[in-house]
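# Architecture at a glance
Spelled out from the first residue to the last, the chains are:
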Amino acid sequence: MIETQPRAGVTRAQLVAHFTAAPIPADWALIRSGVVTNVLFKIGADVGFYALLSATTAQEAQSIVDRHTEDEVLFDIKLVPVHHFAHFD
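This one's a predicted model, so the numbers in the text were calculated from it and none came from an experiment.

Parameters at a glance
Residues numbered from 1 in each chain as written. Predicted model: local features only at pLDDT ≥ 70, side-chain atom pairs only at ≥ 80, totals over all residues. Heavy atoms only, no water. Helix = DSSP H or I, 4+ residues; strand = E, 2+ residues; numbered from the N terminus. Rg over C-alpha atoms; globule rule 2.2 N^0.38 Å. Buried < 20%, exposed > 50% of the residue type's maximum accessible area, 1.4 Å probe, protein only. Contact = heavy atoms within 4.5 Å. Areas by Shrake-Rupley, 256 points an atom, 1.4 Å probe, with all protein chains shown as cover. Lys, Arg positive; Asp, Glu negative; His and termini not counted. Charge placed at Lys NZ, Arg CZ, Asp CG, Glu CD. Patch = residues over 30% accessible without salt bridge, like charges linked within 9 Å, V, L, I, M, F, W, Y side chains within 5 Å. Salt bridge = Lys/Arg side-chain N within 4 Å of Asp/Glu carboxyl O.

## Let's talk about the overall build of the chain
What the chain contains, in helices and strands, is three helices and four strands. In terms of overall dimensions, the chain is globule-like: its C-alpha atoms have a radius of gyration of 14 Å, near the 12 Å expected for 89 residues. With the principal axes as the frame, the chain shows a C-alpha extent of 40 × 25 × 20 Å. Taken across its 89 residues, the chain has 19% of its residues classed as buried. Excluding contacts between residues fewer than 6 apart, the proportion of contacts in the chain whose partners are at least 24 apart in sequence is 63%. Approximately 6400 Å² of the chain is accessible, and the part contributed by carbon and sulfur atoms is 60%. Side chains of the chain give 6 positive and 10 negative charges; the mean places of these two sets differ by 5 Å.

Structure below.
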């Protein structure tokens, strides 16, 4: 799962503008292809999002995140391992 927090100095107006603009084609491709399966938007004072990312390993997930966020300036991004089932390896 991808969890975001606004970077220091980023305003709420910048975040709202980002989320209400047309989607970035590369990001939209991740959704269309099923790599990103769900996106949940944080509302209220702490604007951001959570996204469920489908990957077979933590390394694959990190690689996907790294490739698609190298120019990210609005958010700090944290990758949180989750699973659909109680699988605690």
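And the narrative resumes.
## As for a nonpolar patch on the surface
Nonpolar side chains collect at one region of the surface, where W28, I31, V39 and F41 lie side by side and expose about 360 Å² of accessible area between them. Where the nonpolar patch is concerned, the elements lending two or more residues are helix 2 (25–32) and strand 2 (36–42). Tracing the sequence through the fold places I31 in helix 2. On the accessibility criterion, I31 (35% relative accessible area) is partly exposed.

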